[in-house]
Structures are given as C-alpha cells and as structure tokens.
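A look at the structure
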Amino acid sequence: CHLVVQSDLFQIPPEIYKISRLPVDIRFGDILLIFAVSFLLSFLSTLLPAMRGARLNSIEGLRYE
C-alpha cells in the first residue's frame with residue numbers, strides 16, 4: 001500500500017520569492033519511518049540511565065540522605 005498525499009498547503013508571498021506556492025508530497029512510509037526511528041531513539045536513550053541506576057546500591061544512597 002503506497003499512500004501519497006499531495007497538497008499546495010503553504011502559500012508563499014510571490015513578491016518576495018519566484019514561486020507562489022510550495023507543493024508538499026507526504027508519503028505514509030516516510031511518516032512511519034520517522035515515527036519508528038524517533039520511538040527507537042527515545043527508547044534507547046532511557047537504557048543507559050536505567051542501567052547505571054540498576055548498578056547503584058540503594059542502601060548506600062539512602063544512608064547519606
């Protein structure tokens with residue numbers, strides 16, 4: 001399934017630029033890839049602090065509070 005949405009959503013002032021509209025081509029696969037990579041990076045970025053915290057001795061941390 002290849003879903004593509006084309007739109008002229010962004011209006012640009014023609015007196016400043018040589019074009020009046022910016023065509024947009026949104027592909028479902030691109031959106032899915034961006035979502036998957038951002039989710040994976042967010043998940044992986046939580047692993048390092050969790051692994052460091054798991055190595056700590058909780059009794060030692062509470063002793064000096």
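Conventions and cut-offs
- Residues numbered from 1 in each chain as written.
- Predicted model: local features only at pLDDT ≥ 70, side-chain atom pairs only at ≥ 80, totals over all residues.
- Heavy atoms only, no water.
- Helix = DSSP H or I, 4+ residues; strand = E, 2+ residues; numbered from the N terminus.
- Buried < 20%, exposed > 50% of the residue type's maximum accessible area, 1.4 Å probe, protein only.
- Contact = heavy atoms within 4.5 Å.
- Areas by Shrake-Rupley, 256 points an atom, 1.4 Å probe, with all protein chains shown as cover.
- Patch = residues over 30% accessible without salt bridge, like charges linked within 9 Å, V, L, I, M, F, W, Y side chains within 5 Å.
- Salt bridge = Lys/Arg side-chain N within 4 Å of Asp/Glu carboxyl O.
- pLDDT = per-residue confidence, 0-100.

The number of helices and strands found in the chain is two helices and two strands. Scanning the chain from its N terminus toward the C terminus, one meets helices and strands in the order β-β-α-α. In the chain, buried positions account for 3% of the 65 residues. Within the chain, contacts between residues separated by at least 24 positions form 10% of all contacts whose residues are at least 6 apart in sequence. Carbon and sulfur atoms make up 67% of the accessible area of the chain, which amounts to about 6400 Å² in all.

Our focus in this paragraph is a nonpolar patch on the surface. Taken together, the side chains of Leu-40, Phe-43, Leu-44, Leu-47 and Met-51 define a hydrophobic patch exposed on the protein surface, amounting to about 470 Å² of accessible area. Checked against the element boundaries, Leu-47 lands in helix α1 (residues 28-55).

Model confidence for the chain is summarised by a mean pLDDT of 80, while 80% of its residues fall at 70 or above. Here strand β1 (residues 4-11) is the element of the chain with the lowest mean pLDDT, 63, and α1 is the one with the highest, 92.

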